Amino acid sequence: MTEIIRRNDVRSLTVAVMDVPCCQGLVRLARQALHDSGKRMPITVEVIGIKEPQVRTWPAMSQQKETAMKKYRCTVCDYVYDPEKGDPDSGIKPGTPFESLPDDWSAPCAVDKSNFEPVD
Ligand SMILES: [Zn+2]
């Protein structure tokens, strides 16, 4: 497979897999072949299953999620702000990134955003 990618001028790779665990190996194989060929292109994984068809593009999606949904911890009281949960008690909807919190938002111990640090 690596040879195929290297010799031909392919611009993108689409891997169709069935929605069963054994086919995940095919995706790994495709990524490895792409890596070995030294070319950079998006791999589109089409999962064929009984459920709704879903298309995942690698690696663009995972990178975006890492930067957008980071948790932050209050250095004063150890409260952790989780963007996926938000802060319903303060009217912050689930899915709100820390960066988008209003400046007057405060931790349970009443200190502001400047006392928070990112959690790895
Ligand atoms: Zn605090």
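As a reminder, the structure under discussion sits directly above these lines.
Below is a summary of the structure that appears in this document. (Residues numbered from 1 in each chain as written. Predicted model: local features only at pLDDT ≥ 70, side-chain atom pairs only at ≥ 80, totals over all residues. Heavy atoms only, no water.)

Examining the pairing of strand β4 (residues 71–74)
The side chains of a regular strand alternate between both faces of the sheet.
Then, number 1: Burial along β4 is one-sided: the face carrying Y72 and C74 is buried and the face carrying K71 and R73 is not.
Then, number 2: Where β4 lies against strand β6 (residues 116–119), four bridges are found, and the strand directions are antiparallel. Across the sheet, R73 pairs through a bridge with E117, a residue of β6.
Then, number 3: Direction of pairing for β4 relative to strand β5 (residues 80–81): antiparallel, over a ladder of two bridges. Note that in β5 the partner of R73 across the bridge is V80.
Then, number 4: Here β4 folds back onto β5 in antiparallel fashion, the turn holding five residues, of which D78 has a positive phi close to 70 degrees. (Buried < 20%, exposed > 50% of the residue type's maximum accessible area, 1.4 Å probe, protein only. Helix = DSSP H or I, 4+ residues; strand = E, 2+ residues; numbered from the N terminus. Pairing = 2+ DSSP bridges.)

A word on unusual backbone geometry
Then, number 1: Its identity is not glycine, yet D78 carries a phi of approximately 70 degrees, on the positive side.
Then, number 2: Looking at the element boundaries, D78 is found in the loop between β4 and β5.
Then, number 3: Positive phi, close to 80 degrees, is recorded for A110, a residue that is not glycine.
Then, number 4: Tracing the chain through its elements places A110 in the loop between β5 and β6.
Then, number 5: The class for A110 is exposed, based on a relative accessible area of 60%.

Structural notes on a nonpolar patch on the surface
Then, number 1: A cluster of nonpolar side chains, M1, I4, L26 and L29, forms an exposed patch at the surface whose accessible area comes to about 390 Å².
Then, number 2: Looking at the secondary structure, you find L26 in helix α2 (residues 24–37). (Patch = residues over 30% accessible without salt bridge, like charges linked within 9 Å, V, L, I, M, F, W, Y side chains within 5 Å. Areas by Shrake-Rupley, 256 points an atom, 1.4 Å probe, with all protein chains shown as cover. Salt bridge = Lys/Arg side-chain N within 4 Å of Asp/Glu carboxyl O.)

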